[in-house]
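So you can see what is in the structure, the chains are spelled out below.
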Amino acid sequence: MFDFSIVTNWIDTLLRGAMPQWAALAIEFVLIGALLLLLYAVIALILIYMERRVCGAFQCRLGPNRVGPYGVIQSVADMLKMLIKEIIGIDKSDRFLFFLAPFIVIMASFLAFSCLPFGNGLQVLDFNVGIFFLLAVSAMGVLGILLAGWASNNKFSLIGAMRSGAQMISYELSIGISMLTIVMLAGTMQLSGIVEAQNDGWFLFKGHIPAVIAFIIYLIAANAETNRGPFDLPEAESELTAGYHTEYSGLQFGFFYLAEYLNLFIVAAIASTMFLGGWMPLHISGLDGFNAIMDYIPSVVWFFGKTFVMIFVLMWFKWTFPRLRVDQILALEWKYLLPIGLFNLILMALVVIFGIHF
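Residues numbered from 1 in each chain as written. Predicted model: local features only at pLDDT ≥ 70, side-chain atom pairs only at ≥ 80, totals over all residues. Heavy atoms only, no water.

## Description of the overall build of the chain
We apply this condition: Strands here mean DSSP runs of E at least two residues long; helices mean DSSP runs of H or I at least four residues long; both are numbered from the N terminus. Exposure classes here rest on a 1.4 Å probe applied to the protein chains alone. A residue is buried below 20% of its type maximum, exposed above 50%, and partly exposed in between. Any two residues whose heavy atoms approach within 4.5 Å are treated as being in contact. The Shrake-Rupley method, run with a 1.4 Å probe, gives the accessible areas here. Residue values count only the displayed protein chains as cover. Charge counting follows a simple rule: Lys and Arg are positive, Asp and Glu are negative, and His as well as the terminal groups are ignored. Note on charges: their place is set at NZ of Lys, CZ of Arg, CG of Asp or CD of Glu.
Looking only at helices and strands, one finds 15 helices and 0 strands in the chain. Principal-axis analysis of the C-alpha atoms gives the chain an extent of 65 × 60 × 40 Å. Counting over 358 residues, the chain shows a buried share of 46%. Expressed as a percentage of contacts within the chain between residues at least 6 apart in sequence, the contacts between residues at least 24 apart total 78%. For the chain, the computed accessible surface area is about 17200 Å², with 74% contributed by carbon and sulfur atoms. A gap of 11 Å separates the mean positions of the 18 positive and 23 negative side-chain charges of the chain.

Take a look at the structure:
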C-alpha cells in the first residue's frame, strides 16, 4: 500500500534545500492550511447534496434535480447565495460575543477535522495523546453554541442553546467512554497507532462483544452530539424557528451550517477509524492472497469509503425515527447509555487482561 509520507517528506526536503528552515515551515503551514480548508469546503458541499438525495429517497421523491445534472450544482448555488447575503446586526445583542460564536464553532470543527488520518502517512496532527486532544477540541464547539444563544438576546435562541448545551455535554460522556473502550483494546491514544493495531483485523470484529457494544453506543451518542434527528431538539423548527442560530444570517449562518455537516463527517470518520480500521484494508489472518488484493486499493479510498458508509447510516437514523422530547433524550443518556458504557469499559478491561479477544 502506498505511503503518502514519501511525498510529504520529498516536498519537505525540497523546500528545506531551497530556502531557510523558517521559510520552508511557513510555506508548509500555508499549504497544509489551504488544502484542509479546500477539503473542508468540498466535503461540506458533497454532504449537503448527499443529505438531500438520501432524504428524497426516504421520502419517495427525487431531491435536487434542476441545477446541474442530477442537481449536483445545487449545493454550490446555495453556497454562493449564502456568501453574498447581508450579515444583519441584532439590536440589544452582545455584538462581540454574537460575532465571536460562529468562529468558535467553526474553529473547534476544523481542529477536530485536522486530526483525522485520511490515508497511510496522510495525517496533519498525530499526537501521542491524539484521542485526548480530539475530545478536547471538539468539546469547544458547545461554547460557541451557548454564546450564540446568549448573545442573540432572543428567547428561542437561548432555549435552543440551553438544550444543545445540556445534550452535547451529556452525550460527550458516552462518546468518551466508548472511545476509551477502544483505546484500552489498542493500548495507545495515538490515532495512527490505533489504525496500525487493526492491521490483522478491525476492532469491531476482533474486539469481541465489548467492541460491538461500544460501537452501538458511539453511533447513538455521536448522532446526539451533532444535534441531528432524532436528537435535533435544539434546532426544532416547529418550536424554536431555528434554535440557537435563529438570528444569524449570511456567512455567519453559513459557519453554523458548515460546521454541522462537517461534524457529521468527523464523527463518522472517527467511527471508521476507531472501529473499522480507518484507512487500513480488510485483512483476514491466513488469507494472504486476499490480503494482497485488498492492499492494492488505495488507503484514501478505504478511509472515505468507510466514512461515507457511516454517514449514510447516521442519515438513515435521522430520516427514520421521530424527534425525541428533552426528558427522553437526557433519560436515554443518563439512565441507559452511560451505565451500559461504564459496565462495558470494565468488560473490555477483563477481555484485554485475560486476552480473550480475537
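Next comes the rest of the description.
## Some details on the side chain of Glu333
Our working rule: Only one rule defines a salt bridge in this text: a Lys or Arg side-chain nitrogen within 4 Å of an Asp or Glu carboxyl oxygen.
In this structure, Glu333 sits in helix α15 (residues 326-354). Buried Glu333, no salt bridge; nearest opposite-charge side chain is Lys335, N-O distance 13 Å. Not counting chain neighbours up to four residues away, the residues in contact with Glu333 comprise Ser170, Tyr171, Leu173, Ser174, Leu338 and Pro339.

## What about helix α3 (residues 74-84)?
Let me state the cut-off plainly: This arc corresponds to the set of directions leading from the helix axis out to the C-beta atoms.
Along α3, the positions that sit buried rather than exposed are Ser75, Asp78 and Met82. All buried residues of α3 fall inside an arc of 60° around its axis, so they share one side. As for α3, its buried residues are in contact with α2 (21-58) and α12 (250-275).

## Regarding a nonpolar patch on the surface
What counts, and what does not: Patch definition: residues with relative accessible area over 30% and no salt bridge; like charges joined within 9 Å; nonpolar side chains (Val, Leu, Ile, Met, Phe, Trp, Tyr) joined within 5 Å.
A surface patch of nonpolar side chains, about 600 Å² in accessible area, is lined by Phe2, Ile6, Val7, Trp10, Ile11 and Leu14. Structurally, the position occupied by Ile6 is in helix α1 (residues 5-18).

## Describing the packing of helix α5 (residues 130-138) against helix α7 (residues 155-186)
Stated formally: Convention adopted: a line fitted to C-alpha atoms gives each axis, helices being fitted over their contacting stretch, and angles between N-to-C directions are expressed from 0 to 180 degrees. With respect to orientation, any angle under 35 degrees is reported as roughly parallel, any angle over 145 as roughly antiparallel, any angle of 65 to 115 as roughly perpendicular, and every other angle as oblique. Ten residue types, Ala, Val, Leu, Ile, Met, Phe, Trp, Tyr, Cys and Pro, are classed as nonpolar, four, Asp, Glu, Lys and Arg, as charged, and the remainder, Gly among them, as polar.
Remark: α5 packs on α7, axes separated minimally by 11 Å, with the N-to-C direction vectors making an angle of 170°. In terms of axis orientation, α5 runs roughly antiparallel to α7. The segment α5 lies against α7, with Ile131, Leu134 and Leu135 engaging Ile175, Gly176, Met179 and Val183. Its residues assigned to classes, the contact of α5 with α7 shows 6 nonpolar, 1 polar and no charged.

## Re α7
Applicable threshold: Take the number of residues in a helix, subtract one, and multiply by 1.5 Å to get its expected span. We call two N or O atoms a polar contact when they sit within 3.5 Å, provided that within protein one can donate a hydrogen and the other can accept it, with sequence-adjacent residues counted only if both atoms are side-chain atoms.
A rise of 1.5 Å per residue sets the reference length of α7, with its 32 residues, at 46 Å; its end C-alpha atoms lie 46 Å apart and thus fit the reference within 8%. Between the side-chain oxygen at the start of α7 and the backbone nitrogen of Phe156 there is a gap of 2.7 Å, and the oxygen is on Asn154. Of the residues one or two after α7, Gly187 is the one with positive phi, at around 80°.

## Comments concerning the state of the cysteines
To be explicit about the condition: Cysteine sulfur atoms that pair up within 2.5 Å are treated as a disulfide.
Applying the stated criterion across every chain, the model contains 0 disulfides. With no disulfide of its own, Cys55 has Cys60 as its nearest cysteine by sulfur position, at a separation of 11 Å.

## A few points about the environment of Phe231
Following the sequence through the fold, Phe231 ends up in the loop between α10 (208-225) and α11 (237-240). For the pair formed by Phe231 and Arg323, sequence separation is 92 residues and the distance between their alpha carbons is 6.2 Å. When residues no more than four places from it in sequence are discounted, the contact partners of Phe231 are Gln167, Tyr171, Ile220, Asn223, Ala224, Leu324, Ile329 and Leu332.

## Remarks on the packing of aromatic side chains
Note the following rule: Stacked, edge-to-face and tilted labels apply to pairs of Phe, Tyr and Trp rings (six-membered ring for Trp) whose centres lie within 6.5 Å, assigned for plane angles under 30 degrees, over 60, and everything in between, in that order.
Counting across every chain of the model gives 26 aromatic pairs. Seen from their ring centres, Tyr40 and Phe113 are 5.4 Å apart, and the 90° between their planes marks the pair as edge-to-face. One end of the pair, Tyr40, is in helix α2; the other, Phe113, is in helix α4 (residues 95-114), with 73 residues separating them in the sequence. This pair shows no difference in class: Tyr40 is buried, exactly as Phe113 is. Put simply, the rings of Tyr40, Phe110, Phe113, Phe118, Phe265, Phe303, Phe304 and Phe308 pair up and form one aromatic cluster.

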